[in-house]
Each structure stands twice: as C-alpha cells, then as structure tokens.
Amino acid sequence: MALLELAHVSKRFGGLLAVSDVSFNLDRGEILSMIGPNGAGKTTAFNCVTGLFPITSGSITLDGEPISGLPPHRITKLGIARTFQNIRLFAFMTAVDNVMVGAHWWMKERVWDGAFRTGRARREERSVEQRALELLDLLGLSRYAGSYAREMPYGLQRRLEIARALATQPRLLLLDEPAAGLNTQEKKELMQLIARLRDEGLTILLIEHDMRLVMEVSHRIVVLDHGEKIAEGSPADVRTNPRVIEAYLGTGASNEMQSA
Amino acid sequence: MPDRFRSLFRADTGQGQRTRGNTVFWILSSTAAALVLMGWLLPWFVDAYSAGAGFSPQDALISPPTGVGTILIYVLAVTMVILVASPLVEPLARLRGTTFGRRADRIRLIAALVGFALTVVIWFLVSVIQEEPLFGSFGPGTYTDSAVWLTMYGYALAALVYGARPWVVGRQTLAFGIAVLPFGIFLPLMFHQAPDFLDWAAGSLAIYMLLALGLNVVVGFAGLLDLGYAAFFAIGAYACASFASPTHNIHWPLWILIFLGAAIASLFGAVLGAPTLRLRGDYLAIVTLGFGEIIPDLATNNVFNLTGGPNGISGIDQPKFWFLNFSTSPRWYYWSLLLVSLVVIVLLRNIERSRVGRAWVALREDEVAAASTGINTTTTKLLAFAIGASVSGLAGAFYGSIVSIVSPDDFSFSVSIAVLSIIVLGGIGNIAGVILGSFILTFVIFWVLPNMNEWSTTLSQTVHVPGLAGIDFSSYTYIIYGLALILMMLLRPGGLLPSRARQIELESGGESESLAAVQGVA
C-alpha cells in the first residue's frame, strides 16, 4: 500500500486554482520528485500535505489514514517532516537547539519536570541533546552546534533544516528545493545525503529545479504545470515526454535534459 | 598558581560575552559608587528634614569634624570621590579612545579597601566608643547604622569589581548574583530605621519584580505582546482579598492564598489566551488591552457581589505566624517576598532552559516552522499565558495582603505600562535584565518621584531658589515611562542587559508571520 496518497486534491485561493485535481501515490522507501515551472503549485501541494493549507477538495491519506484537515503539528507526529523553500530556521536559537525543537513532540518531559529539573527531565535533556549532536555530526554540522542558525553559512542552514526535520523521527520527508543556492560541491554532498537517507528506509518527496539532481536520485517524477499534473513516470519517461519538454523545459533546454 | 586562579586575573576575550560582561561591570561599579555616595547623602535620602549624622555633607557644614576625625573623614571623602568618579570617567575615556589600565584598577581597589577600613573605624568610634564630637551630634533620629551598612557594602562591591575585573566581565551572571543577593537579604537591616524604604522594597520593588518576571514569560520568551497584564494582578489581589477579609467572612492564611491567587490567575490567563491564539503583534496587543480594561470595570460594577464595587475590599488580614506579626513589621513581608521571588526566578529559569522554554522561543522565532516541527502552537501559547498570569496572581495575593485594601483603581492601565516598561528597560527575555529593570524603574517611580517634592523643598531652602519648592514631581510618572521607552528604543533596543539572542537579532530584525495568517484563517 502507498505511504502517502493524494486523490483529486485541489486548492483554491480566491479566483486562483493553485492546485487542480492532483492525484499521485508515494510508496514506502521511494523518492518521488515534483517538478514544474515556477508557480506550478508544487509548494502549495507541500503546504497542503503538511497541513499549513486546508485543501479545497480531494483527500490526502498517510498509510490509509486521512490527514487533510489536521493541524501541522499533528501531521508531524504522524511522521511527515519537511523543510522550507525559503529557509525557516529558528534564527536566534543555536543549531543544537534547533534540532532539539524537532524532538519536542516525542519528549516526555512535562512543564513541572522542566521547572524542578527532575532527574527524569535532566536525563532526557541530556539524551536528546546527545542525539541532536549526533544528527548534527551526521550532517557535518558539528562545528556549528553552538552557533545561532542565523550565523551559519547558507548551505549549512539548508542542512540544519534537514537535521531538524529528521529529529522529528519522520517516515516521510518533504524537501522543498533543498539544492537552491548551493554550489556544485554542496549539491553533490546533498545528493549523497539523500541517497543515504533513502538507504535507511526513509521515503522522500522532493521539489527541485536542479535536473541533474532530480534525474539522479528520483525513482519517479511528477510534473505539475499551472496546478495540474501533466506527467508522471520514471526519470527516463519524463525526460522524453513531449508535453513536459514543451510545457516545462522549452525546446532549448531539452538538449541539456538528454545529456543529463 | 593554578590556572583557574590565574584566569581570574586575565581579561576574557570571548566575543559577545565581553560586551554584556562590560555592561554588568559598569552596572556593578555604578552601584558601588551610588552606595558609597548614599552613605554620605543618607540623612537627606531617608528623611529630608532630619538633622542626620553619619557622613552627611550637611553635618560637615553644620558642625565640621575636629581632631583625628577630620583626617579620617577627609581621607574617606577622597576614596568616595575616586570611586564615584570611576564609572563616570571610564565610558568617557572609551569614547575618546583611551582605556584605563590595570594601574587605575589597582588604585581604585586600594581606595575601596581603605574606605572599607575607615568606615569600620568610624563606625567603631561612633557606635561603640560613642566619640560623638568627632562627627557632629547624634540624636535618636540619626541614620548612622544605615549609612555604615551602605558605605561598607559599596566599598566591598567596589573592591570586588576593581580587584577582579576579568572575573566579573567573564562570569557576569554569577558576579551579578554575588553582588546583589546579600544586599537583598540585608536590606531590612540596613534600613531598619527607615520603614518607608522597607515599604517601598516590599510593596513596590518586590511586587513589580514578580509582575515583570511573569510578563517576561509571555512577552519575552513566547513573543506575545500583552498590554492587559494588570488584569491578572487584579485577579490575584481580589482572590486574596475575598478569602482573607471580613467581606465574605473567610479567613484563610496568606501562604495558601498565594497559591490560590496564582491558580485562579493562570486559569484566567488561559481563558484570555484562547480567543487570541490566532492573533499576533498589534492585534494581540489590542485584544489584551481590552481585557485589561474589562477586569477593573467588572470589579467596579461589583460583579456577582464579589468585589465590593468602586470601594473595593478592605480589612484584608495581616498574616501571623507564631510570634511573627506581619502588620507590625514590614520586614517579614519583604523577606517572604524575597524568598518567593527567588523561587520564582529559579523555576522560570529552569523552564526557560527546558523543552517548553525551547518551544516558546521557537514559536517566537517562526510560528509556521514551529508548527511544522511538531509544536502544538495552541497549548504552547496557552501555557505561556497561564504561567505568566500565575506569577502575576501570586504577586496580587501578596499585594492585597500588604496594602490590606484593594480597589479597582489599583489595577489600571498604568500598572500594565509600568511592568512593560520595566522589561523593555531591563532587557526583554532576559531574567537578569528584568530584575535590574524593576530595581531601576520602581526606584525612580515609587521612591524618587514621591520623595522629590520634599527634597526639592529642602534644596530650595538650602540654596535659596524658591522656584524649586512646590513642584509636584509625582505627576511626572508617565514622562518617566515615556522617556525610558523612547531612550531605550533609540539607544539600546535590547534593554540594559539584552538577552544574547536579542542582541544579534537587533542587527537584522524582522518579525515572523503568524501560522493563522499563512493558513489564511486570520
């Protein structure tokens, strides 16, 4: 059974139909990429899945359970974590604190535990901090553990967002243009990271403009244009799909696609 | 010498910490200067009309010291001048690009030690040998004790800051605590001859410090601007009044009522919080402002016959434990409040560093990201409101007991503004800053201004300027709030002791949008 299932999902803002009757499935352990020109409705679809936008019609289910209409934090608890296109870190918290916020929902510490610093609270704080540091280490951010998110280089902020998302212990990770603004080396590292997360069994839904990255890591690709799904299939299929080339890539860019 | 001790004498080079540490250093050295000076001015300070003694310049004018006392008093004056000038001169020097080296610190340290020793000698001569003619005449209305306490404290503090400057700069929080706590504990003893001052310390300083600590949770930690905070203060005070007065013929002890006041206020905090969950910034401020107006109005209208209408509730019980009768001795209120404040400070500090404290900050920084990271924005906000309100309710219960009569006028908008001004002045989101802010602002508003009338009248007689007499300084309260807010926003937007995060934030700024706005439901 599919892990995430979107069935005839539409999202309307006033007169604008940002997402129109989009359906697709995401299987466990799969990396599915959503591509499409700017304004195609990719991020809107993300926001619908994570509960930031209530959907206008259709249904979204995670593991067969409907999740549309749930508040964002409930959806996070059900196992969907995300990053944002325009990085949304807690700018004036340290990197390690940012990651520890990701552990918020599954920590057992109550207010009074924290207020009286009970043994239980201290133990949990220590172990969560330890895990946060391990996550930072995994993403190569140990050096910046004590720095404010704002003080970190841009590329590392993107990685810190992924670390924070991973700390929520997700089954499904939504990455919104994780390669935007990264240099070639950073993109290469990102690709390795995504591959590693996939190997560990994480399911990933990816929005990305960098075709080389998309073609390399994706199992399948969904193409959106003007809010509608215009194509779906393996990278090879999508790459040669004439509608995609026409609507999204334009004739000039098709050469690059072929060589990618 | 072990490294740990050597580091005590080495300047700290950690960036960021350094600026804050220097601020703490400046605050402590100024406090030392003020205390040393206060010893001289104390007779004026506690009672403008007294023919006080101690080291008062008035006394020096009226009856100049003679004999060995002359030498002592003039040497003491030199140490006083050195220590008073230091915190003034240092920032000026830094502006001109020069700095004072270790030699200057060593001179000041010697001045502080000499001053301390001389004060002890003078105290011995005055109090033990009663060598009166040395320092003028003493009567029953003199303030030598307080003068000696303050001066000695000031010299000790000066010795600490100038003798171990790198340590003070490096370990600012600890240094601040070590410097302030003994003063807090011994304050009733220092001022035992000045009950008005004790009333101020318990009834204004401690109460407003608790209020500010509570509001700091809502505004500072969670970033929710609350302009109606006095409402919870009123709720706590009325709860105490209702359960400890002849009005309803219930007489519960204060130490139960402070918990009751806190519990009821936190309940109201959650009730107020609920309708404001989708609001942020200006809109939230306006709704809370409305709530702050409604509560005193309800009390005025004697709702459910509980509040006694415009006259309020009077005859509130004064607590008694065994031999301790609070009504005859304000120092017990003071010490109770000090203890309660310390407990509140420790608990709030712990919460700030715990899971919930992180969630508050995350909410303040980016509500959308916080929600998407698994934080329940609803309960987290309500928790901030409830905890903030509970501290306010606690303060309200004490307040009701201290003043023994509560009426709707006590909880007007000006209280909310005063509390907000305190945290803006001290440093939003930083507990140490809030404590400092409550010291400064309550001292100016509730001690200096009310006493200013008398002081200016005395001064007008001394220097023969009739215009100084008869000015009503207490009507300038709002000017002080306004000036404090404007000056802070222009010169030090983070407050006197900004939180570390706020300090960096000010360099970039920008407020995050609300979750509701993103969802399109606000």
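Reference entry: report on the structure contained in this document. (Residues numbered from 1 in each chain as written. Chains lettered and ligands numbered in written order. Predicted model: local features only at pLDDT ≥ 70, side-chain atom pairs only at ≥ 80, totals over all residues. Heavy atoms only, no water.)

### A word on the pattern of salt bridges
Counted by the stated rule, this structure contains 18 salt bridges over all chains. The salt bridge partner of A:Asp63 is A:Arg171, with a shortest N-O separation of 2.5 Å. Note that A:Asp63 is positioned in the loop between β4 (57–62) and β5 (65–66) and A:Arg171 in the loop between α6 (154–167) and β7 (172–176), a separation of 108 residues in sequence. Linking B:Asp366 and A:Arg88 is a salt bridge whose minimum nitrogen-to-oxygen distance equals 2.9 Å. Highlighted residues: B:Asp366 in the loop between α14 (355–365) and α15 (367–372) and A:Arg88 in the loop between β6 (80–82) and α3 (95–102), drawn from two different chains. Pair check on accessibility: B:Asp366 and A:Arg88 agree, each one buried. (Salt bridge = Lys/Arg side-chain N within 4 Å of Asp/Glu carboxyl O. Helix = DSSP H or I, 4+ residues; strand = E, 2+ residues; numbered from the N terminus. Buried < 20%, exposed > 50% of the residue type's maximum accessible area, 1.4 Å probe, protein only.)

### Some thoughts on the interface of chain B and chain A
With 33 residues of chain B in contact, the opposing surface of chain A contributes 37 residues. A buried area of about 3,200 Å², summed over both sides, lies between chain B and chain A, and 61% of it is on carbon and sulfur atoms. When the buried area of chain B at its contact with chain A is split by residue, B:Arg355, B:Arg358 and B:Thr373 rank highest and sum to 24% of it. One salt bridge in this structure joins A:Glu125 and B:Arg358, with 3.2 Å as the shortest N-O distance. (Contact = heavy atoms within 4.5 Å. Buried area = accessible area lost by both parts, 1.4 Å probe.)

### Section: the nonpolar core
The biggest cluster of nonpolar side chains holds 103 residues, and the ones touching the most others in it are B:Leu211, B:Leu213 and B:Trp360. Of all the elements, helix α9 (residues 195–221) of chain B adds the most residues to this core, at 19 residues. For this core, the two domains that each supply at least three residues are domain 1 (2–170) and domain 2 (196–507) of chain B. Residues contacting B:Leu213, with those up to four places away along its chain left out, are B:Val344, B:Ile345, B:Leu348, B:Ile431, B:Val434 and B:Ile435. Counting residues in each nonpolar core, the second largest holds 43 residues, with A:Leu6, A:Cys48, B:Val361 and B:Leu515 among its members. (Core = buried A, V, L, I, M, F, W, Y, C linked by side-chain atoms within 4.5 Å. Domains from an automatic or database assignment.)

### Overview of the pairing of strand β9 (residues 220–225) of chain A
Residues and elements named next belong to chain A. Counting buried positions along β9 gives 6 out of 6 residues, so the element sits mostly inside the fold. Because side chains alternate across β9, one face comprises the buried residues Arg 220, Val 222 and Leu 224, and the other comprises Ile 221, Val 223 and Asp 225, equally buried. Pairing of strand β3 (residues 31–35) with β9 involves 4 bridges; the strand directions are parallel. Across the sheet, residue Met 34 finds its bridge partner in β9, namely Val 222. Counting the residues that bridge the hairpin from β9 to strand β10 (residues 228–233) gives 2 residues, and of these His 226 lies at a positive phi of roughly 50 degrees. (Pairing = 2+ DSSP bridges.)

### A short note on unusual backbone geometry
You will see that A:Gln169, though not glycine, has its phi angle at about 55 degrees, which is positive. Mapping A:Gln169 onto the fold places it in the loop between α6 and β7. Given the relative accessible area of 37%, A:Gln169 is considered partly exposed. You will see that B:Asn302, though not glycine, has its phi angle at about 55 degrees, which is positive. With relative accessibility at 25%, the residue B:Asn302 sits in the partly exposed group.

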